[in-house]
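Observations on the three-dimensional arrangement
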Amino acid sequence: MPETYDVTVIGAGVTGAAIARKLSSYKLKTVVVEKECDVSFGVSKANSGIIHGGFHHDFSALKSRLEIRGNILFDQLKEELHFPFKRCGIVVAAFSSDEMRTVEKLYENGIQNGAVGIELCNHDRMLYLEPKLNKDVVGGLFAPGGGIVEPYRLVFSLMESAKKNGVELLTKFKVKSGTLKNDLYTIEAEDGRNIQSRWVINAAGLYCDEISCIFGAEEYTINVRKGEEFLLDKNATAYTSRVVFPVPSKDSKGMLVIPTVEGTTMVGPTATIIDNKEDYSTTKENFKKIFSSARRLVPVVSERDITTSFTGMRPTLEGDDFYIEMSKKKDRFIQVAGIQSPGLTASPAIAEYVKDIMKRNGLELIEKPDYDPNIDKVPRFRNSSKEEIDKLIEENPAYGEIICRCENITEAEIIASIREGHDSLDGIKFYTRARMGRCQGGFCTYKIMKIVCRETGCSMNDITKRGGESWIVNKKIGDFTTGSKS
Amino acid sequence: MKKIEREVLIIGGGSAGMAAAAEIAEKGHSVVIVERESTMGGILNQCIHNGFGLHRFKEELTGPEYAERYVNIINELPIDQYTGMTVTEIDDQKDFKLVYAFSSHEGMVEFKVKAVVLAMGCRERNRGNIGTPGSRPSGVFTAGLAQRLVNIDGLIPGKKCVIVGSGDIGLIMARRLSWVGADVQAVVEIQPYPAGLTRNIVQCLNDFNIPLHLSHIVSKIYGKDRVEGVDITPLIDGIEAPVQTFHIDCDTLLLSVGLVPDNEVSKKAGVIISNQTSGPAVDGNLMTNVEGIFACGNVLHVHDLVDFVTEESIRCGSYVNSYLEGKTKGSQYSVMAGANVRYITPNKFTSDSDNKFYLRSMIVKNQAELVVSLDGREIIRKKQKHVQPSEMISCEIKADLLKSTGLNEKSRLEIGLKS
Amino acid sequence: MTREIICISCPIGCHLSVSYRDNGNVQEKDIQIENNKCSRGLIYGKEEILSPKRVVTATCAIDSIHMARIPVKTTGALLKNSIYPLLEDLYKIKLMPPVSAGDIVLENFMNSGINVIATRSLSR
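Cut-offs and rules
Residues numbered from 1 in each chain as written. Chains lettered and ligands numbered in written order. Predicted model: local features only at pLDDT ≥ 70, side-chain atom pairs only at ≥ 80, totals over all residues. Heavy atoms only, no water. Helix = DSSP H or I, 4+ residues; strand = E, 2+ residues; numbered from the N terminus. Rg over C-alpha atoms; globule rule 2.2 N^0.38 Å. Buried < 20%, exposed > 50% of the residue type's maximum accessible area, 1.4 Å probe, protein only. Contact = heavy atoms within 4.5 Å. Lys, Arg positive; Asp, Glu negative; His and termini not counted. Charge placed at Lys NZ, Arg CZ, Asp CG, Glu CD. Core = buried A, V, L, I, M, F, W, Y, C linked by side-chain atoms within 4.5 Å. Domains from an automatic or database assignment. Pairing = 2+ DSSP bridges. Buried area = accessible area lost by both parts, 1.4 Å probe. Salt bridge = Lys/Arg side-chain N within 4 Å of Asp/Glu carboxyl O. Expected span 1.5 Å × (residues − 1). Phe/Tyr/Trp six-rings, centres within 6.5 Å; stacked < 30°, edge-to-face > 60°. Lys NZ or Arg CZ within 6 Å of the ring centre and 35° of its normal. Polar contact = N/O pair within 3.5 Å; in protein donor to acceptor, adjacent residues only side chain to side chain. Axes fitted to C-alpha atoms, helices over the stretch in contact; angles between N-to-C directions.

Looking only at helices and strands, chain B features nine helices and 31 strands. Taking 22 Å as the expected radius of gyration for a compact globule of 419 residues, we find that chain B reaches 22 Å, a close match to that expectation. Structurally, chain B occupies a C-alpha span of about 65 × 60 × 40 Å along its principal axes. Buried positions account for 65% of the 419 residues belonging to chain B. Across chain B, the fraction of contacts at a sequence separation of at least 24, relative to all contacts at a separation of at least 6, is 60%. Considering chain B, the positive charge centre built from 45 side chains and the negative charge centre built from 50 side chains are found 3 Å apart.

Here you go:
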């Protein structure tokens, strides 16, 4: 007999994780199913990590209202979940009087939306707020409520909190079919696993259209807008004190300079509509585009500081708004689609919004008396003083073993990651930052692999970068016949 | 927090750190080596091929043998060795330095020392540094990581490999992979000449009929989960010629695209880094701009042979001894790279003692000439049978050549290569 | 026939042009060498035709928690066509610590007079 749940959330990105955590405060049996081997491995892992300031869209859009509400919720969320988050503020830099007029429109949006503290700035004030800006700046806008977050860490924390409060997580669960019979959905995975559920929430990101189709709900198309970004070294002089936006164009917020919470600088993203949802490749043309655009904002941005580049995908719908509604074709099936920017910002508000839809449609919500919104804080070596480190090592000697020397990640943090279920190399990277620094794993990859083997009992051959066929090594000396070639 | 007082602390127990430590301990000074790995020897331990030690020991050794010779030397001397210990910070208090380091056994330790020797070595450049476009699958390794996996852990990174860069580690790995039964499809080098030593081209590529594509780049990486292939594009007069692009199927890509001195701890201590070498700018005593902090080995500049690392580090040790004894050689004057020289180190010289410089050529040439001039006046001209960027050139200038030359604070020594 | 061989006797790396009659039994006197800048090129070129040899470095398995493989090398240059048979043999060996650098791992391989020795010590 398959396991039966009250609610199934499809997709463990920031939307799915936020919804699951929200539902975990009620007496419900909830499961999250995810096709990848870990959470946050889709849209949520590769984006700019901006907590938006509430001025890019006007109040008529659903996403605009959820962005403002979501932004406000972040302070409490950080208190409870300890993910890296900083309200560093956002500036939008204008370089002509034409651009200034667009900025004034953004300001109007912000005022109408209720963005706190938003202001128009002249040349001097812009340079005061961000001294690294191009001196040609004419003026611009400042949104002090905007900020930055480590997106995958947010998702990991949301999911950890949800699991702590009883939510189950099934990874590598790629939905093959979903059929409704006697008020129960039967959901089958490609590998043959089955579950049953009264409610289904479609938070499948890029694949919401396919999931909707599988369940026989609405037909629509997710258009994928691809974005390439570059990450610069921690020592890069380009590190600004605020997020720097250009004046947006019709289809995109433009390419920005982002000072990440962990001290690296990110530049990008591009915005290209593509057909293939799995085309994560980077190109030389976009590399040039990004750097010339970033240098227009912040002239000290240098290609010499690149540590890596990556590609992210944004799931968009016609009309460009979020689509969060009860299905009109299938009972108790909720569409949460088109969650592109500002989806990260809006995610806690989306969770509330979805919960309210469910309540309005007959789901009985009884608060759990033992719900605990807090998760344990894993001490981070890099954020600790010498005295704290001394104490940490005394309590747990694994804090004395540096594994990733670029980011100062200790064995204790790697072990915590593995025990929390993040045991692929990318999962460990996103949880701890190991392999994310300037050597990109040149020194520590084999050390991490050994710890994974020891902690999980797997063999080296079982370790992957991010699941599937992304194996690292699969042969040892003696497995091949030598000398067959020359 | 544990507190330990010594005269000298050496960061790094590889070939540089061990040689400097031995020199210092032999003169009776108290010295401690802090090494982050569990054994001394550094990267030599994974360089199991031979070719080390011809200068230093007058015989051909493998990396582990070379390391072990030095481990035996330092074990015979009163040198404190801390392994598994990482230095986090050097706090310069002028008369002394406080060095903070930690390990799982000792917790955080505060070392109070008079001098610090930076000997942390270098790290490999990676895909981000060369900006190779394409997808981001598993199976892209730096050559050094692959070397570690094969030689110490016995693991083979893949069956069909392409190697980017003809640096020595890349060439050595081409032979190693062939010898463990993997297929090396090609080595791709962006420059029109090989980046590694000639003997490695012969013994690691030609012996195995591995094609070396000079003036070519890997222009795209394919593969969703694991590498599935690469596009290779020739450069014609330095510009990509996309029409001549060809494809190779492979499951592994090794990168041997250069080494960079690893100076994060140095930078935090206020040490100025040279743009040319990516290592500290040092004077003729191998001392950085921070008094009492010295540097030697690959953290200073990337060497081609370990023998030269040892030579430089022994000298560094002797300069530290002079410093501790208050006999540091006096006035320091500027040194500049001249024509066709990519970098020269050290960046200062003194007229009180002999000077030794290491430099790298920007050109490939037989019968070149090394020209040393002081304030525009030629003082040495020396034939060089053959110069190429991959082979370091050494140059010694005796003190008496410099003594009676009326040096002033604007004096400048220039070393160049005449083509 | 004529082969191009790069001389590795010094860093110049002369591209030697080596001509000989390939009758299955090449004699030293039949080998003509051109483009060598010094006499070492003559010796190197002839040796590469008559009996090319290489020092082999490799690893053997070892029963230890510290490392899976222990490095080894041949005590002299081995004929090129014996290298792969040697490697196949070495890859079947598993050593037990303690091992000292210099310990013989394989003696007089195929009567070549060449031994294989460990190049790293491991006490436990």
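Bringing the nonpolar core into the picture now. Grouped burial of nonpolar side chains is what soluble globular proteins tend to show. Within the largest apolar cluster, 88 residues are counted, with the highest numbers of intra-cluster contacts made by Ile414 and Ile448 of chain A together with Leu90 of chain C. Apart from residues lying up to four places away in sequence, Leu90 of chain C is in contact with Ala58, Thr59, Cys60, Val72, Leu106 and Val116 of chain C. Counting residues in each nonpolar core, the second largest holds 65 residues, with Ala21, Met287, Val290 and Val299 of chain B among its members.

Taken as a whole, chain C is organised into domain 1 (2–50) and domain 2 (57–118). A separation of 31 Å is found between the C-alpha centroids of domain 1 of chain C and domain 2 of chain C.

Two pairing modes exist for strands in a sheet, parallel and antiparallel, and in both the strands are linked by backbone hydrogen bonds. All names here are of chain A. If you trace the three strands from one edge of the open sheet to the other, you get β3-β8-β4, paired in antiparallel fashion. The sheet terminates laterally at β3 (50–51) and β4 (85–86), the two strands that pair on one side only. Both β4 and strand β8 (residues 147–149) contribute to a ladder of two bridges, which runs antiparallel. Its bridge partner being in β8, Phe85 is matched across the sheet by Val149.

We now examine unusual backbone geometry. Negative phi is the rule for most residues except glycine; trans is the rule for most peptide bonds. Cis geometry is adopted by the peptide bond preceding Pro269 of chain A, which originates at Gly268 of chain A and carries an omega value of 0°. With respect to the element layout, Pro269 of chain A can be found in the loop between β16 (265–268) and β17 (272–274). A cis amide bond links Thr345 of chain B to the next residue, Pro346 of chain B, at an omega of 0°. Relative to the elements of secondary structure, Pro346 of chain B occurs in the loop between β25 (341–345) and β26 (348–349).

With 60 residues of chain B at the interface, the matching set in chain A holds 54 residues. Buried surface at the junction of chain B and chain A, summed over both partners, amounts to about 4,600 Å²; 55% is from carbon and sulfur atoms. Taken together, chain B and chain A are joined by eight salt bridges. One salt bridge connects Lys447 of chain A with Glu37 of chain B, and the closest N-O pair in it is separated by 2.9 Å.

For helix α8 (residues 306–324) of chain B, which comprises 19 residues, the first-to-last C-alpha distance of 27 Å matches the rise-based estimate of 27 Å (1.5 Å per residue) to within 8%. Among the 19 residues that make up α8 of chain B, 16 are buried, leaving the element largely enclosed by the rest of the structure.

With that settled, consider the packing of aromatic side chains. Inspection of every chain in the model, using the stated rule, returns 22 aromatic pairs over all chains. Members of the aromatic cluster, each reached through a chain of ring pairs, are Phe41, Tyr152 and Phe430 of chain A. Positioned above the aromatic ring of Phe480 of chain A, the side-chain terminus of Lys159 of chain B is 4.2 Å from the ring centre.

Attention shifts here to the interface of chain C and chain B. On the side of chain B, 32 residues touch chain C, which itself brings 29 residues to the contact. Together, the buried faces of chain C and chain B total about 2,400 Å²; carbon and sulfur atoms form 54% of this surface. Scanning the region where chain C abuts chain B turns up three salt bridges. Between Lys73 of chain C and Glu65 of chain B there is a salt bridge; the shortest N-O distance is 2.8 Å. Counting across the interface, chain C meets chain B through eight residue pairs in polar contact (both at pLDDT 80 or more). Among the secondary structure elements, those contributing two or more residues to the side of chain C that touches chain B are α1 (39–50), β5 (57–62), β6 (69–74) and α2 (83–90) of chain C.

All names here are of chain A. Turning to its location among the elements, Thr464 is positioned in the loop between α12 (445–456) and β23 (475–476). A polar atom in the side chain of Thr464 sits 2.7 Å from the backbone nitrogen of Gly467. Beyond its immediate chain neighbours, meaning those up to four positions away, Thr464 contacts Ser424, Leu425, Ser470, Trp471 and Ile472.

What follows is about the environment of Pro242 of chain B. Structurally, the position occupied by Pro242 of chain B is in the loop between β19 (239–240) and β20 (246–249). According to the relative accessible area criterion, Pro242 of chain B is exposed, its value standing at 57%.

To continue, consider the sheet that holds β25 of chain B. Residues and elements named next belong to chain B. An order of β25-β27-β30 is seen for the three strands of this open sheet, with the pairing classed as antiparallel. In this open sheet, the two edge strands, each paired with only one partner strand, are β25 and β30 (393–397). In this sheet, neighbouring strand axes are inclined to one another by 25° on average, regardless of whether the strands run parallel or antiparallel. By the bridge criterion, five bridges tie strand β27 (residues 355–361) to β30 in an arrangement that is antiparallel. For Phe357, the partnering residue across the bridge sits in β30 and is Cys395.

Moving on: the pairing of strand β8 (residues 97–103) of chain B. All names here are of chain B. Where burial is concerned, most of β8 is hidden: seven out of the seven residues are buried. Here β8 shows no split at all, with Lys97, Val99, Ala101 and Ser103 on one side and Leu98, Tyr100 and Phe102 on the other all buried. Here six bridges tie strand β7 (residues 86–92) to β8, and the two strands are oriented antiparallel to one another. The residue of β8 that forms the bridge with Asp92 is Lys97. Taking the residues between adjacent antiparallel strands as the criterion, β7 and β8 are bridged by four residues, where Lys94 takes a positive phi near 65°. Taken together, β8 and the strand that follows it, strand β9 (residues 107–113), pair antiparallel across an intervening segment of three residues.

Residues and elements named next belong to chain B. Mapped onto the fold, Thr405 is located in the loop between α9 (399–403) and β31 (412–418). Given the relative accessible area of 22%, Thr405 is considered partly exposed. Here the alpha-carbon distance between Thr405 and Leu305, two residues 100 residues apart in the chain, equals 34 Å. Among residues more than four places away in sequence, those in contact with Thr405 are Leu374 and Arg377.

So, on to the pattern of salt bridges. Counting across every chain of the model gives 64 salt bridges over all chains. A salt bridge links Arg466 of chain A to Asp426 of chain A; its shortest N-O distance comes to 3.8 Å. Residue Arg466 of chain A is found in the loop between α12 and β23, and its partner Asp426 of chain A is found in helix α11 (residues 425–432); the two are separated by 40 residues along the sequence. Residue class for Arg466 of chain A comes out buried when judged on its relative accessible area of 16%. According to the relative accessible area criterion, Asp426 of chain A is buried, its value standing at 3%. Several salt bridges share partner residues, and in doing so they unite Arg405 and Lys447 of chain A together with Arg36, Glu37, Arg123 and Asp262 of chain B into one network.

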